[in-house]
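Architecture and fold: a report
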Amino acid sequence: MIELQDAGFGYHEGAELLSNMTLSLQKGMFHFLTGPSGAGKTTLLRLLYADLLPTSGRVIAFGQDLRGLGRDDIAGLRRRVGVVHQDTQFLDHLPVAENVALPLTVSGHAVDMTALRDLLGWVQLGPQARALPPSLSGGERQRAALARAVILSPDLVLADEPTGNLDWDMSMRLMQLLIELNKSGKTVLVATHDLNLIRAAKAQVAARVLRIANGGLQLAGADL
Amino acid sequence: MRRADLKALRLRALWEGLVGRDGGAGERIVPPTGFTAQLTLFAAAAMAFLAVFALALALATGRLAERWSAELAQSVTVRVSAPSAEQASRTQAAMQILLTTPGVGEPQLLPEDEVARLLAPWFGPDMPVDALPVPALIDLPIASDDFDAEGLRLRLEAEAPGAVLDDHSQWRRPLVSAARGVRLLGAVSLLLIAATAGAMIALAAKAALAANGQVIRVLRLIGARDLTIAAAFVRRFTHRAAIGAAAGTLLGMAAVALLPDASAAGGFLTGLGFRGWGWLLPLLIPVVAAGVGFLATRWAALKMLGAVR
């Protein structure tokens with residue numbers, strides 16, 4: 001689905017934050033990506049949805065090298081990859097329901113109101129459908145972001161520290177939704193530094209845990 | 001504008017911009033922006049108001065040039081100057097020549113009272129014109145292209161001394177040329193007005209895009225193409241340009257309608273206005289303004305979006 005082939009990235013010339021990263025995300029798999037703050041978890045995720053291009057090596061998404069993609073191709077790629085950002089951003093002038101349906105709107109699809117209501121119900125945001133994003137709590141924002149990320153039924157869902165600002169109960173609730181997505185056949189990659197969350201989730205889903213350390217990517221130890 | 005931009009140009013988007021309202025989901029992705037909205041409306045209205053006058057000027061001078069050109073081609077005058085004793089015989093000789101000149105109608109000797117009326121503005125009504133050595137004036141209508149002014153001039157010189165052919169060209173041609181120049185000026189003014197309106201709308205669109213950087217970032221991350229993002233801005237600015245221009249055009253037309261009537265005063269300036277079907281022409285201004293708004297916003301949006309990854 002998406003492969004990193006000796007990929008590296010540096011924000012400054014000559015100094016790579018990430019280097020020689022090799023990874024293959026296969027259909028239906030659940031991955032955790034962990035590592036200390038500033039290790040490059042967000043950067044790696046940005047490489048996967050073509051927000052950044054590798055400074056070395058290659059990123060192959062759905063059979064295509066990201067370097068060869070035009071702007072419209074990248075837009076097409078992002079419709080196949082749902083992303084939940086750490087600092088989830090919405091269009092604050094539109095109600096939650098319209099924000100969640102935005103990927104459909106901008107890709108020219110009609111909005112099925114019944115399906116939209118079902119989706120909002122799944123993330124338990126039915127009552128907030130007409131609320132504006134600034135009025136949502138942190139947990140509600142993350143669940144709205146997850147609903148927006150999956151409305152186009154993407155092949156891959158990336159979540160960047162989705163539980164960063166949430167309490168334990170809300171974190172587990174969100175994780176439960178991601179596990180349900182994986183069980184429905186979606187590939188999921190969650191970047192988090194919360195090892196307890198990873199341990200709790202692994203009790204429910206067979207997940208591979210990757211760790212970024214010293215700019216490289218490795219499988220986590222037996223403790224995870 | 002790149003070829004790809006032109007290829008992606010959709011007339012449907014232009015039409016939607018003209019008739020649509022800012023209520024659809026496509027437009028709603030861009031938050032309302034008060035300042036740029038008012039700037040676009042005002043710029044379009046002001047430019048349309050000016051365009052109405054430029055159009056009226058171009059049409060009025062066009063009419064004037066055509067009328068003068070037509071009159072120039074319709075008749076000539078033969079002026080016979082001679083001592084009083086020979087005036088009648090020389091006039092008669094000139095008339096004989098004119099009667100046998102090909103391509104002309106029947107020559108008409110202007111009566112003395114008509115000549116006196118023509119001279120009155122210069123000498124005053126009390127001047128005894130018959131006491132002056134006033135030349136006889138013969139009006140000669142031109143009937144066909146066979147008329148040879150140069151040939152007639154030479155014949156008069158040889159056979160009717162003192163008779164001079166005046167084809168009015170000396171004083172009318174510069175006026176016709178000036179009128180055509182003013183008409184060209186009006187057309188250039190229209191182009192400049194369109195270019196200025198386009199520049200102002202492009203600036204307003206750029207300001208709106210810059211103010212909505214966060215919105216654009218979100219839209220891109222969820223898979224919106226540049227064309228989709230640009231279309232939201234394009235429709236909004238096309239709509240505003242058309243509405244503003246329609247208001248400016250109506251005001252301009254009302255102002256032109258209130259100008260003094262040409263027939264009342266008779267001068268050129270009072271003839272500045274529209275006649276008959278000409279009143280329909282200003283109604284094209286809002287359509288052109290919408291087109292200018294569409295192209296200017298589209299160009300600005302795609303250029304700006306293309307510069308940011």
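The name an unreviewed UniProt entry gives chain B is Cell division protein FtsX, with Paracoccus spongiarum as the organism. Chain B has a UniProt comment under Subcellular location (unreviewed entry) that states "Cell membrane".

Going by an unreviewed UniProt entry, chain A carries the name ATP-binding cassette domain-containing protein and comes from Paracoccus spongiarum.

With respect to the overall build of chain B
When its secondary structure is counted, chain B shows 12 helices and four strands. Here chain B holds 309 residues, and 34% of them are scored as buried. Partitioning the intrachain contacts of chain B with sequence separation of at least 6 by distance along the chain shows that 88% fall at a separation of at least 24.

Focus on the UniProt feature "transmembrane region" (unreviewed entry) in chain B
Residues annotated in UniProt with the feature "transmembrane region" (unreviewed entry) correspond here to residues 39-60, 182-203, 241-259 and 279-301 of chain B. Taken end to end, residues 182-203 of chain B is 100% helix and 0% strand, and its first and last C-alpha atoms sit 31 Å apart.

Concerning the sheet that holds strand E2 (residues 18-25) of chain A
Residues and elements named next belong to chain A. Spatial strand order, E2-E1-E4-E5: four strands in an open sheet with antiparallel pairing. In this open sheet, the two edge strands, each paired with only one partner strand, are E2 and strand E5 (64-65). Relative to E5, strand E4 (residues 56-61) runs antiparallel, the two being bridged by two bridges. If you follow Ala-61 over to E5, its bridge partner there is Gln-64. Strands strand E1 (2-9), E2 and E4 of the sheet are contacted by helix H1 (residues 41-48), whose axis makes an angle of about 125° with E1.

Description of unusual backbone geometry
All names here are of chain A. You will see that Ala-50, though not glycine, has its phi angle at about 60°, which is positive. The topology assignment puts Ala-50 in the loop between H1 and E4. The phi dihedral of Phe-62 is positive, around 50°, even though this residue is not glycine. Its location among the elements puts Phe-62 in the loop between E4 and E5.

Points about helix H6 (residues 138-150) of chain A
Residue and element names in this part refer to chain A. With 13 residues, H6 extends 19 Å between its outermost C-alpha atoms, agreeing within 8% with the 18 Å of an ideal straight helix rising 1.5 Å per residue. Most of H6 is tucked away, with 10 of its 13 residues classed as buried. Turning to H6, its buried residues are Arg-141, Gln-142, Arg-143, Ala-144, Ala-145, Leu-146, Ala-147, Arg-148, Ala-149 and Val-150. Against the buried residues of H6 lie strand E6 (81-84), helix H3 (96-100), helix H4 (102-106), helix H5 (113-122), strand E7 (156-160) and helix H7 (168-183).

Regarding helix H9 (residues 213-221) of chain B
For H9(B), every residue scored as buried is listed here: B:Val215, B:Ile216, B:Val218, B:Leu219 and B:Arg220. Looking at the buried positions of H9(B), the neighbouring elements they touch are H4 of chain A together with helix H10 (226-257) of chain B. Just beyond H9(B), the residue with positive phi is B:Gly223, at close to 95°.

Some thoughts on the packing of H7(A) against helix H8 (residues 195-202) of chain A
Residues and elements named next belong to chain A. In the contact formed by H7 and H8, the axes pass within 11 Å of each other and the chain directions differ by 45°. As far as their axial angle goes, H8 and H7 are oblique. Of the two elements, H7 crosses H8, and the hand of that crossing is right-handed. For the pair H7 and H8, the contacting residues are Ser-171, Met-172, Met-175 and Ile-179 in the first and Leu-197, Ala-200 and Ala-201 in the second. Residues of the contact of H7 with H8, tallied by class, amount to six nonpolar, one polar and no charged.

Re the interface of chain A and chain B
The figure often quoted for interface size is the accessible area lost as the parts come together. Counting residues at the interface gives 17 residues for chain A and 15 residues for chain B. Breaking the side of chain A that touches chain B down by element, the ones donating at least two residues are helix H2 (71-80) and H4 of chain A. Ranked by residues supplied to the side of chain A that touches chain B, first place goes to H2(A) with five residues. In terms of residue class, the side of chain A that touches chain B is made up of eight nonpolar, four polar and five charged.

Conventions adopted
- Residues numbered from 1 in each chain as written.
- Chains lettered and ligands numbered in written order.
- Predicted model: local features only at pLDDT ≥ 70, side-chain atom pairs only at ≥ 80, totals over all residues.
- UniProt positions renumbered as here; feature names shortened; annotations may be inferred.
- Helix = DSSP H or I, 4+ residues; strand = E, 2+ residues; numbered from the N terminus.
- Buried ≥ 20, exposed ≤ 12 C-beta atoms within 10 Å, placed from the backbone.
- Contact = placed C-beta atoms within 7 Å.
- Pairing = 2+ DSSP bridges.
- Axes fitted to C-alpha atoms, helices over the stretch in contact; angles between N-to-C directions.
- Expected span 1.5 Å × (residues − 1).
- Parallel < 35°, antiparallel > 145°, perpendicular 65-115°, else oblique.
- Left-handed = near helix turned anticlockwise from the far one by under 90°.
- Nonpolar A, V, L, I, M, F, W, Y, C, P; charged D, E, K, R; others polar.

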